[in-house]
Structure formats: structure tokens, C-alpha cells
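# What the coordinates show
Spelled out from the first residue to the last, the chains are:
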Amino acid sequence: KWTPKLCEEVACDRADRPQLVMAEVLPSDEHPAIRETETFLGCGYCHEAFPEKRELQVHIKMTHEGKEYHSVPAPMPQREQGLLKKAPSMAISRNIPLSEVNRHCIPEDCWVALNGKVYDLSEFMDRHPGGPTTIVAWAGKDASKFFNDIHKGVKIDSYLRPEAFQGDLGLDESLMSDNFYHTLREARIAEVKEELDRILSQVSGGGKADSVSRLLQDKSISADLKMKLQRLETQKRAALDSEDYAKAAEIKKSVEALLADDDHAHLHDVPLDQAANCNIPLSEVARHNKPHDCWVALNGCVYDLSDFLLQHPEQRNAILAWAGRDATAVWNKIPGRFPSANWMEFYMRPEARMGDIGKEPEVDPKLAQIRQLQDELWKLEGPSAEEIQAAKAAAQKVPGTTDAPTLGEEARFPKLKEISAGKELPFFSRAEVAKHNSAEEPYMIIHNKVYNLKTLMGSHPGGDDILLSRAGTDATKDFEVFEHSEKARVQRDRDMLVGQLVPAEATDWNAEATVAQVTGEEPSETGRYLRYKAYDVAIGAISWYLYKTLQNRKPLSQFTYSRALRHLHLIMAVGIFGAVGTAQAAQHCEGQTKKQLLWWHKQTGIAMLGAILMRIFFRMRSGIPPRFPGNKLVQMIETQSLRVFYALAVLLPVSGIANEYFLKWAPGSESTGKEEDDKRNDRLAKQSIDTHKILGKFLQYAFLPFHLGYTTMYHYSQGRGVVRKVSPFI
């Protein structure tokens, strides 16, 4: 029983039992959260203890009938201590819905479902033998099938810390719906925020993050610092993926230098100085849990095994499972393997010993309580809506195998290798690129490289709208559709290249299967059949045209259109409607289909230009009067209409050819040595394509309806059939 004498003994034992630190009893009208640093009200007649006075009153009345209210200070009961070791979501429900897992989809807050259980792998990913990016690719998803295919029989729990387990996957719909789970989560968030604000108001300078992971989850830090930290974390993940631990160690020093800067030092409490070689607490050991910074506690000593991992990669899995932890519990479980006496005798060097395990430093109870509540709040809130959207927009893929190689961009354009040779480009994840989707900083992925298109805004021949519509995404398909020249690609890499994708998220554009994503997906059997039939129809139409032409070779009257003019009329009509139709169809297609339609658009435009020039030549030699008989107003409209038609038929293909010329063939800085020539070519190319689009819309929506409608109606009103007037087959 909790007697006054026993309470005195507990109070005297506080120095040796820091986990039972006592604090003042909170007034009953406040709403205390269950926490380890708070004094509980112990019953004066039994072992029971309660956080609130009214609960103790009910207990005494129901259990010790007739006894007066009598309380004594008591430590936290075992049942409440057990709750502290559970994940915050366990306070809401024993199970976690997949919709909650989906929210935790960024590297700093990475939940993954495996075989019916939910784990937080944020801490584990850096020491994952397969590299961190594979885990990031499955963040917020159920990776059970992928995991079981690769790690058959592996118990993931043996590699994780106990706090990584969040709960079982899936709700019992008969007890709680998915919507109600999130309603309870929002209510708990409000409760924790209220409690956190109350405690923060009682202390000064508390609540600062004491680790990089906590700092990245802190929504109050500056966006600039967070962006720099995330960029360095991405570089670190890329280095760990490639097992370049020396590079990862350099990046760790860069992170420490960034946090030590005067502009940022006051924003956090992250310890930056390494512990001295003496008594090292396990909390310090826990900070060194990476392949490039690996400490392990064993039999009362602390060892630095970072160099050992570099020299013995075959033993990384066994050692990294205990990185940052005390491995004494598995000592000599498997003789000859880590950790065992035989292993220590054979492998361990004296210089690896850092010191002895020391006592944990005293922690202010209020500060410990603040950090506990902050961790719970960050887990319940999860990433911001912007971060979740960026992660989903990134469309991260799981790394896999590649197929037979073929020619990629650098193989087709060798000068690109000269531009990037010797450059150490920083790594970006797809989620990071997805956040840069505004006009202020539009990023784009092309062939696994990251570009900042800010300098291109206002001068892109295709306009700014098409750039902004693809900002933050992988635009390789669209880029290849428009057949950019080597000159344009070299200028792109020279002026706009800012980084590259992390290797595990990169697409192998040197593989046939992935090149097909640029050139168009492999058609189905039905698609191939229809393509062959389309060729048959085209061959049949050309054969019929030649047959009818040979049948109708009789000379016509000099006072009507000659057969040559009639054939040119037909070619012009095919060119006009072919150019307009292919341009319209290309707007609704992607990949190789769009590329083929644009190719046909150019060919029909050139055919139209050739036909109109030949028509002008033959028309000048024709004996037909320049104007057909009729009213002078009608003659004037007909004449001006034809002149506009001739102008459009010439200017449309000429403006398209001019755009191609300035983009691909016009002399630029490579030949003249002047960068102004490149800017001039870009400006003229943009003006040419803008003119081409305006003229095309005028032809399609204004001139063709007027010209065809007017001429057809007029000739029919005069008893002349339009088809007979222009057909070559009479």
C-alpha cells in the first residue's frame, strides 16, 4: 500500500529512478494528458493510482466502502507506462486504415504497410541494405507483395526499433468507419495542441527540435532552411543508394555546418558536437545509426563500426540491424557472427572502441513532455497537403530491371556529353521537382535531368503556357515529340541544367521498353491490323486516282480549267484539309501518335505550297478570263477572296518553315561566337510559330467557311456545279 513512509522512500529514490520524476499535481479543472513525468494520485488504501482526483474519489467510494478520501503521491502505473510505448494512432484505434497510411508518404514521415502491419520506416530507410530510395518509392503504400517477392522469410521486426511499429492494417468496419477514424484523429490533434500550448506557456525557449528528423517535421521552421535540409537529405539518399559512404559522410558534415550557421543555430537544439571518448549515453549512440556513421553498444562499451562497414560489405546487414542500439541482448546468439566473442576477437580493432556506456543526462520533465507531445502531434497531423500532393504528383516508380539497350539522347547528340562533363550535379527527387511548378521557379525533368526554365519564360517558341502546364513534371515525352534540334538541346543544358534525378527514381531511356514511352507505347494486335489496313486503303486510293487520270486524258476547252489546274486544285484541297485536320488531331494526342500527326501536318503543308505555286504558274498561262461573268461586286469579292487564299496558302507553310529554320539551321553562337545570335533566333522562331498559329486559326475558322460557302452557293445559283467545274475526271 502507498503509505507516507513508502512515499518518502520513493522520493529519496528519485535520483536512481529518473523515469519516475515527480512534478506538481495539476489542478483537477485542467485536462492533463497521460504522461510519464506527471505525479499521479495514489490511493491511501491500495496500490491503485489515478491522474485525476475525481477518478480516485470514485475508486475509494466503490472499492473501499465507508473510507474517507485519502491520496498519496504515486508514480505512473504500469498500464499508463504501456500506453506511452504505443504509437499515437493506437490511442485512437488498435488498427490503422490504409487511408491513414497513404497520408504518410514523404521521406521524413514514411509509413509502409507490410503483411497486415504498419511500420514507420523513416529511421530505418538510411540503413536499409537496398538503399533508402526503394523505401521512399513505397511510402504511404502496401508493399507486402513486393517485400515478400524479395525478402521471403525475413522478419522485418528484427531490423526495426520497437517504436517503428504503428499498428495493424485495416479497420473493423463494424466497430469504426474510416471517416470516424479521421474524425477522432482531428479531435485528438486539437486536444494535443491545446495541451502543448498550455505547457509551452509555462516554459521559455522550449519546443525546439533536437534532431534533423524532428526539424524537418517542424512546420514552424523557415521554408528556406527546410528546403536546404531536404536538398541535402536527397543527396545523402542518392549517395547511400550507390553505397558511396564517403560522400554520405561529407553530406553529414554539410548538414552540421548548415545548422551551425548563425542564421539557423537559434532555431533548433540539434547536438552538433560528437561525444567525447568517455561515458557515452545510449541517447547519443542512437544518433549514429547510419552506414556512414554507425555506432553500436555492446557489453557496456560503445564501438564505432563505420570504417569496418566500408571494408566488410558482406557483414553490413547484421551490423546495421543494431546501428545506434545496444546489441548486448543478442550476444553470442550465433557464435562466429556479429555480435559474438569469436567475432570480436577476430575483427574488432582497439581504435573502434569509443568509450563506456554512461548514464543518461538529466532532462527537464517539461521539455521531455513537450517533445513527447510534439512527436504525437506530428504523427497525427502527418505531412502537409502540399507535401502529399507533391509526393503523389511525382509518380515515383519502383526500380526494376531494364531491357535491351538502344540509342538514348546523349548517344544521338554527342555534344551533350561535353556540356555536363566534369560537372557534379546535385540530386533531386521527383517529389522535390513537383513542388517547383510555379512561374517563379518552374522546374522540369527531361531525360532524368532537372532544368530551371525561368530563363526560357517569354522566349519559348511554343509559348509560356505549355511550359507552365508541364512544370514540376517529367516532360521527356512532350520534349521528344517536337523534335528539338541538337543546338536547342545544347543550349538547354548550358543555360538551364540545375541537377539530376536520384538514380533509383531515374528512367532508363537507353532501354527499348522505356524508349517506347517516348516514341509511343507498343500498339496492340488490333492497332497493328488497322495500321496495315490503312496502308492498303491509301495504296488503293492512289491506284484508283492514277487509273482515273489515265482514263481521262482528253484535252479540255481553253475556256475552262485545264486538267493540270484541276489536278492542282485537288492536291491543294488535300493539302489544306490534311494540314488543318492533322493539326487538330495532334492537339488531342500524345507520344508517337502526336509526332506522326505533326509530321503529316508538315508534309501536307509543303504539298499545299508546291501546289499553289504551280497553280499560279499554270493559271497565268490559261486562256480563262481573270474573272467569271457576273455582278461587279461579286467579281470584286471573288477576286479579293482568291488573293487572300493565295496569301494564306503561301504564308502558312513559309512561317512553319521559318520556325524550323531558326530553331535548327540558322547560324548561332556555335558558329558566330555571339550569344545574341541564339537569342535572336529564339525570338524569330517564336514570332514565326505565333504567326503560323494565328494564320492557321484564321484559315480554319474564318476564311474556309466563308470562301467555300460563298463560292458553292454562287455557282449553284448560276447553274454551275462546283464539282464538275474543278474535277479532273471529266
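Above: the structure in question.
Residues numbered from 1 in each chain as written. Predicted model: local features only at pLDDT ≥ 70, side-chain atom pairs only at ≥ 80, totals over all residues. Heavy atoms only, no water.

What follows covers the overall build of the protein chain. Tallying secondary structure elements over the protein chain gives 30 helices and 18 strands in all. Counting over 730 residues, the protein chain shows a buried share of 43%. (Helix = DSSP H or I, 4+ residues; strand = E, 2+ residues; numbered from the N terminus. Buried < 20%, exposed > 50% of the residue type's maximum accessible area, 1.4 Å probe, protein only.)

Across the 6 residues that make up strand S12 (residues 293–298), a large majority, 6, are buried. Side chains Asp-293, Trp-295 and Ala-297 of S12 all project onto a buried face; the interleaved residues Cys-294, Val-296 and Leu-298 project onto the opposite face, where all are buried too. In the sheet, strand S11 (residues 289–290) pairs with S12 via 2 bridges, with the strands oriented antiparallel. Looking at the pairing, Lys-290 lines up with Asp-293 of S12. Here S12 runs beside strand S13 (residues 301–304); their pairing, made up of 4 bridges, is antiparallel. Note on S13: the bridge partner recorded for Ala-297 is Val-302. (Pairing = 2+ DSSP bridges.)

Counting residues in each nonpolar core, the largest one holds 20 residues, and the members touching the most others are Leu-114, Leu-121 and Leu-160. Of all the elements in the fold, those that place two or more residues in this core are strand S5 (105–106), strand S6 (109–114), helix H5 (132–137) and helix H16 (385–393). No other element matches the 3 residues that S6 contributes to this core. Residues Cys-301, Tyr-303, Trp-343 and Ala-352 belong to the second largest nonpolar core, which totals 19 residues. (Core = buried A, V, L, I, M, F, W, Y, C linked by side-chain atoms within 4.5 Å.)

Let us look at unusual backbone geometry. A cis geometry characterises the amide bond from Phe-338 onward to Pro-339, with omega recorded as -10°. Mapped onto the elements, Pro-339 comes out in the loop between helix H13 (316–320) and helix H14 (341–347). Non-glycine residue Asn-115 carries a positive phi angle of around 50°. Asn-115 gets classed as partly exposed once you look at its relative accessible area, which sits at 45%.

Inspection of the secondary structure assignment puts His-288 in the loop between helix H11 (282–285) and S11. Polar contacts involving the side chain of His-288 include one to the side chain of Asp-293, which spans 2.8 Å. (Polar contact = N/O pair within 3.5 Å; in protein donor to acceptor, adjacent residues only side chain to side chain.)

Our next topic: the sheet that holds strand S14 (residues 353–357). Taken in spatial order, the 5 strands make up an open sheet running S10-S14-S13-S12-S11, and their pairing is mixed. Of all strands in the sheet, those with a lone pairing partner are strand S10 (279–280) and S11, marking the two edges.

The full count for this structure, using the stated rule, is 0 disulfides. Among the cysteines around Cys-46, which has no disulfide bond, Cys-43 carries the closest sulfur, lying 3.7 Å off. The class of Cys-46 is buried, set by a relative accessible area of 15%. Residue Cys-105 stays outside any disulfide, its sulfur separated by 9.0 Å from that of Cys-110, the closest cysteine. On the basis of relative accessibility, which here comes to 8%, the residue Cys-105 falls in the buried class. (Disulfide = S-S within 2.5 Å.)

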